[in-house]
Amino acid sequence: MSTPAGTPPEDSRPRPQYGELAPEGWSWTPAPDAVPPVPSATPTTSGPNQAARARGTVPAWDRPVTLALLVFGLLATFFAVGVLGALPQAVQMLYTQQDLGDYTPAASVAGLITAGSFTEAAVWLASAAGAILLLVRGKRAFYLPLIGAVVAFVVIFVFMSVILATDPTLLTFYSQS
């Protein structure tokens, strides 16, 4: 089999590895002008972006936004716990406005309020711990408090719905309306 003109013959030998085909006693020494300069261990410029870039590709705005969202989430958690704690008084006010008599909470309402409060706190703690862990690792973390906020929003409405569903008077009143 012949090869076309201008095409080098195919080399059937294995590719050399680790200097296998170098002549005996040969060693490589680079030319002095070919050696790249070694960067110094200390950065020559320092600034707020230098530390962020050293950790990875996280933008400089991620850390303050994440911390602000965590603080806002903590305040929202206190508010949600307060709303759950005041729910029996709010239902009593609804009873009074609609002339339904006196509201007597079911036996499970106190436990549901406590469970809802602990769940809200646990959602915030999980969001904060995850966000801080991501910040320490130098990764983007602003989305974690946002996800926690959505979960906390769903949690408070689930617990409020369950608490309101324990009252047969309200269920009867609104099913007749």
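Before reading on, note that the structure itself is shown above.
Rules used throughout
Residues numbered from 1 in each chain as written. Predicted model: local features only at pLDDT ≥ 70, side-chain atom pairs only at ≥ 80, totals over all residues. Heavy atoms only, no water. Phe/Tyr/Trp six-rings, centres within 6.5 Å; stacked < 30°, edge-to-face > 60°. Buried < 20%, exposed > 50% of the residue type's maximum accessible area, 1.4 Å probe, protein only. Helix = DSSP H or I, 4+ residues; strand = E, 2+ residues; numbered from the N terminus. Lys, Arg positive; Asp, Glu negative; His and termini not counted. Salt bridge = Lys/Arg side-chain N within 4 Å of Asp/Glu carboxyl O. Polar contact = N/O pair within 3.5 Å; in protein donor to acceptor, adjacent residues only side chain to side chain. Contact = heavy atoms within 4.5 Å. Axes fitted to C-alpha atoms, helices over the stretch in contact; angles between N-to-C directions. Parallel < 35°, antiparallel > 145°, perpendicular 65-115°, else oblique. Nonpolar A, V, L, I, M, F, W, Y, C, P; charged D, E, K, R; others polar. Core = buried A, V, L, I, M, F, W, Y, C linked by side-chain atoms within 4.5 Å.

1. Notes on the packing of aromatic side chains
Argument step 1. As enumerated under the stated definition, the model contains five aromatic pairs in all.
Argument step 2. A centroid spacing of 6.2 Å and a plane angle of 85 degrees characterise the contact between F142 and Y143, whose relative ring orientation is edge-to-face.
Argument step 3. The exposure class of F142 is partly exposed, given its relative accessible area of 22%.
Argument step 4. Taking the centre distance of 5.0 Å and the plane angle of 80 degrees together, the rings of F173 and Y174 count as edge-to-face.
Argument step 5. Taking relative accessible area as the criterion, F173 reaches 21% and is therefore assigned partly exposed.

2. Remarks on the side chain of D167
Argument step 1. Examined against the element boundaries, D167 turns out to sit in the loop between α5 (143-165) and α6 (168-176).
Argument step 2. Put simply, D167 is tucked away with no salt bridge, and the nearest opposite charge, on R137, sits 47 Å away.
Argument step 3. At 3.4 Å, the side chain of D167 and the backbone nitrogen of L170 are in polar contact.
Argument step 4. If we skip the residues at most four places from it in the chain, D167 touches Y95 and Y103.

3. As for the packing of helix α4 (residues 107-136) against α5
Argument step 1. Following both chains from N to C, one finds α4 and α5 inclined at 175 degrees, their axes separated by 9 Å at the closest point. Comparing their axes, α5 and α4 come out roughly antiparallel. Every residue of α5 that contacts α4 at V109, L112, I113, A115, G116, T119, E120, V123, S127, G130, A131 and L134 is listed here: Y143, L144, P145, G148, V151, A152, V155, I156, F159, V162 and I163.
Argument step 2. Its residues assigned to classes, the contact of α4 with α5 shows 17 nonpolar, five polar and one charged.

4. A closer look at the environment of F153
Argument step 1. Tracing the backbone through its elements, the reader meets F153 in helix α5.
Argument step 2. By relative accessible area, F153 is classed as exposed at 53%.
Argument step 3. Separated by 33 residues in sequence, F153 and E120 place their C-alpha atoms 8.9 Å apart.

5. A look at the nonpolar core
Argument step 1. The biggest cluster of nonpolar side chains holds 17 residues, and the ones touching the most others in it are L84, V91 and I163.
Argument step 2. Ranked by the residues each element gives to this core, the list is headed by α5, at six residues.
Argument step 3. Excluding its chain neighbours within four sequence positions, the residues that come into contact with V91 are Y103, L164 and L170.
Argument step 4. Among the nonpolar cores identified, the runner-up in size contains six residues, and L70, A128, L135 and A141 belong to it.

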